[in-house]
Amino acid sequence: MNTPDQSPLTSHESPSYSPLGYPTNLLAPGQTYETVNKTIAEIPLSHAPMSWRFGFFVAFLLLMMFLVAITWLFAKGVGIWGVNIPVAWGFAIVNFVWWVGIAHAGTFISAILLLLFQHWRTAINRFTEAMTLFAVACAGLMPLLHLGRPWVFYWLFPYPDTMGVWPQFRSPLVWDVFAVGTYFTISLLFWYLGLVPDLATVRDRARKLWQKKVYGFFALGWRNSASHWQRHQVAYLLLAGLATPLVLSVHSVVSFDFSVALVPGWHSTIFPPYFVAGAIYSGFEMSLNIVIPVRKIYHLEHLITERYLNNMANIMLATGMIVAYGYFIEAFMAWYSGDIFERYMMMNRAFGPYGWVFWTLMLFNVLVPQALWSARIRRNTVALFIVALFINAGMWIERFVIVITSLNRDFTPSAWHMFSPTRWDWMTLFGSVGLFLTLQFLFIRLVPMISISETRELVAEREKATIK
Amino acid sequence: MAQLFSPRANVHSRVIVFGVVVLVCGAGWATSTIYWSPYTTYVGVPLDQPVPFSHKHHVGDDGIDCRYCHSSVEKSAFAGLPSTQTCMTCHSQIFNDAPVLAAVRQSLSTSAPLKWNRVHDLPGYVYFNHSIHVAKGIGCSTCHGRIDQMPLTQKTQTLYMKWCLDCHREPQKYIRPRDKVFDVAWQPPPDQQVEGAKLVTRYHVDTTGHLTNCGTCHR
């Protein structure tokens, strides 16, 4: 992954590096500070294109559907969903894990790639950080909706209550609250900190006074001075350092929700690494699903060059292989353990009543991504988008397989029962997609969606490289 | 570029930033205060009753035993409220035409019981049994306070779950000898922890965690 600069995709110019090690081909040729400023900062300052309006309209409709689904849920209780004993964890938990997973690309790209000097994060980090925030918001809602009494959700927090009891600190469900809460806080701070210089750029380019005031307020009086930059960079690196362990910890904790339980199909030591790989996998797939259309609609091909898409596809391929290894190890351990319940779980998963879901998962998450070995697919944005879409669905199906097929036939055959989602389950799933997309559309509309200051850095580094 | 904000904007933003912190902390403090105040708990707040019955007079001045009126306290979950006839064992003779007791006389003549307002009203999802507490050496005054000094009956404890658990976790802090259960003036000795622990053993109070199981009170 460190040397993708020798890839055949460097269509614009031969690869070379600036003195600080920035590859010069991250940007299309001919970019200057002013073109970068203009391209990115003008988007929030000018009228939204028709495609944005249409997309926002659709997303908002889905969001309203979510509102209906939640209102009815609060009025009637979780009985409107398909959940029942033994499948007490249904779509809400599937959606939760799916969304938390999607949230992982943001921190991975922002923090880990920053610390590893992977400069191909520049044009996509803002997107993915925003995506992280919105995905965590969707994820955080799910367990609350899943509560029988959602109005006492705050019992999850340790506060001096009148009951004299603390949350069960030995339960991974409580660890979840802290893991996801920390993750959201750090992601928000990181995202906002990176935004500050860019908001100042937008402020300075704004033509209307109220725009200047609003962006100026959020730019916190940024004046582009050297001492501002020095402090900004220190804070940014510190936050990156803090966020890095979270990439690994959050989804590990989410995986504990399952692996700490004794249910066959959940009780497995492979879960934490396999979940983290799956999270990064799904994060990158969702990033591609958003970046590719946005890049096309807003004509950002010269900023988000093929190099980015190619690298993201490579990461997807790598993490996809780890996830496939996880699937394999699960099956292998079921056989190798010699435990009849484990073995039966695996047989039931692959050949039981939900077998077709399992094989769809194998197709979407293991077979389809193999197309990414081909440079032609990675270079073709439409093909890449479709592959990412398959994986997106595949990752949701993966969580469905883990949650549902493990629960529906557990130790006691007399308790076996099938789970079938109701229309409210589906409305909650697609409604949460509506929430995610609505927030994403607002983000694209209101703030610079690519880091202006970091892109200018690329311009500066390229100039240095040319002088050399 | 012209100045967007006046120099005062700095002050405003600081006030907002710190104001939000103060507001959030203040809201937490206010919530906690309200939850622990008599406004919510009714500790020390007498309720309206059909007759202004004084425990101070009956228990403190006259020395009537608790069980004379609350006759089922040793045998059942509910301590029991006296029937009008119990009142009339004395009040047919003394204060038999006092205006304040008109409601009692009317109750007797119509055979309709007095409708007292419950002072210690546990939620329906809490199982509570008086007899086991009395049998294991938990005295009346531990929960009901110095009833012999109350002209009007009121709560002295919040009855919050935290309060229940305080004793269920460490019964030795409150347990007393069985013969002192109905002694409203009983005070814990200085070595209550030691004496209490002995009583816990002697009365076979379960210390293996059964007392703090959810199902002990929420059945």
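If you're wondering where the values come from, they're calculated on a predicted model, not measured in any experiment.

1. Comments concerning the overall build of chain B
The helix and strand inventory of chain B stands at 11 helices and zero strands. Starting at the N terminus, the α and β elements of chain B follow one another as α-α-α-α-α-α-α-α-α-α-α. For a compact globule of 219 residues, the expected C-alpha radius of gyration is about 17 Å, and chain B comes in at 25 Å, more than 25% above that figure. The principal-axis extents of the C-alpha atoms in chain B amount to approximately 95 × 50 × 35 Å. Counting over 219 residues, chain B shows a buried share of 13%. By sequence separation, contacts in chain B at least 24 residues apart represent 71% of the contacts at least 6 residues apart.

2. Regarding the interface of chain B and chain A
Across the boundary between the two partners, chain B contributes 10 residues, which contact eight residues of chain A. Of all the secondary-structure elements, those providing two or more residues to the side of chain B that touches chain A are helix H1 (8-36) and helix H9 (161-169) of chain B. Here the element with the most residues in the side of chain B that touches chain A is H9(B); it accounts for four residues. Partitioning the side of chain B that touches chain A into residue classes produces seven nonpolar, one polar and two charged.

3. A word on helix H3 (residues 91-102) of chain A
Structural remark: α-helix, 3.6 residues per turn; residues separated by three or four positions point the same way. Residue and element names in this part refer to chain A. Over its 12 residues, H3 extends 16 Å from the first C-alpha to the last, a length consistent with the 16 Å expected when each residue adds 1.5 Å. For H3, the buried fraction is high: 12 of the 12 residues fall into the buried class. Among all positions of H3, only Phe-91, Ala-92, Ile-93, Val-94, Asn-95, Phe-96, Val-97, Trp-98, Trp-99, Val-100, Gly-101 and Ile-102 are buried.

4. What about unusual backbone geometry?
Only a minority of non-glycine residues have a phi that is not negative, and only a minority of peptide bonds are not trans. With an omega dihedral of 10 degrees, the bond running from Ile85(A) to Pro86(A) counts as a cis peptide bond. Tracing the chain through its elements places Pro86(A) in the loop between helix H2 (50-76) and H3. The phi angle at Asn224(A) is positive, at roughly 65 degrees, despite the residue not being glycine. With respect to the secondary-structure elements, Asn224(A) resides in the loop between helix H7 (209-218) and helix H8 (226-259). A positive phi angle, near 55 degrees, is found at His204(B), a position not held by glycine.

5. Focus: the nonpolar core
Counting residues in each nonpolar core, the largest one holds 128 residues, and the members touching the most others are Trp99(A), Val100(A), Ala135(A) and Ala139(A). The element best represented in this core is helix H9 (residues 271-297) of chain A, accounting for 15 residues. Beyond its immediate stretch of four places on either side in the chain, Val100(A) contacts Val136(A), Ala139(A), Val180(A), Val250(A), His251(A), Val254(A) and Ala279(A). If you look at the next biggest cluster of nonpolar residues, it comprises nine residues, including Val73(B), Ala79(B), Cys140(B) and Ile175(B).

6. Structural notes on the packing of H3(A) against H8(A)
Helix-helix packing: each pair is described by the crossing angle between the helix axes and the interaxial distance. Residues and elements named next belong to chain A. Viewed as axis vectors pointing N to C, H3 and H8 meet at an angle of 165 degrees, and their least axial separation amounts to 10 Å. Taken together, the axes of H3 and H8 lie roughly antiparallel to each other. The crossing of H3 and H8 is left-handed. Across from Val-97, Val-100 and Gly-101 in H3, the residues of H8 making contact are Val-250, His-251 and Val-254. Along the lines of polarity and charge, the residues of the contact of H3 with H8 split into four nonpolar, two polar and no charged.

7. Some words on the confidence of the model for chain B
Here chain B shows a mean pLDDT of 94. Residues at 70 or above account for 100%. Overall fold confidence (pTM) sits at 0.89, and the ipTM for the predicted complex is 0.79.

8. With respect to the environment of Pro189(B)
All names here are of chain B. Summarising the element assignment, Pro-189 is placed in the loop between H9 and helix H10 (192-202). Classification of Pro-189 as exposed rests on a count of 11 C-beta atoms within 10 Å. A sequence separation of 13 residues divides Pro-189 from Arg-176, and the C-alpha atoms of the two residues are 9.5 Å apart.

What counts as what
Residues numbered from 1 in each chain as written. Chains lettered and ligands numbered in written order. Predicted model: local features only at pLDDT ≥ 70, side-chain atom pairs only at ≥ 80, totals over all residues. Helix = DSSP H or I, 4+ residues; strand = E, 2+ residues; numbered from the N terminus. Rg over C-alpha atoms; globule rule 2.2 N^0.38 Å. Buried ≥ 20, exposed ≤ 12 C-beta atoms within 10 Å, placed from the backbone. Contact = placed C-beta atoms within 7 Å. Nonpolar A, V, L, I, M, F, W, Y, C, P; charged D, E, K, R; others polar. Expected span 1.5 Å × (residues − 1). Core = buried A, V, L, I, M, F, W, Y, C linked by C-beta atoms within 7 Å. Axes fitted to C-alpha atoms, helices over the stretch in contact; angles between N-to-C directions. Parallel < 35°, antiparallel > 145°, perpendicular 65-115°, else oblique. Left-handed = near helix turned anticlockwise from the far one by under 90°. pLDDT = per-residue confidence, 0-100.

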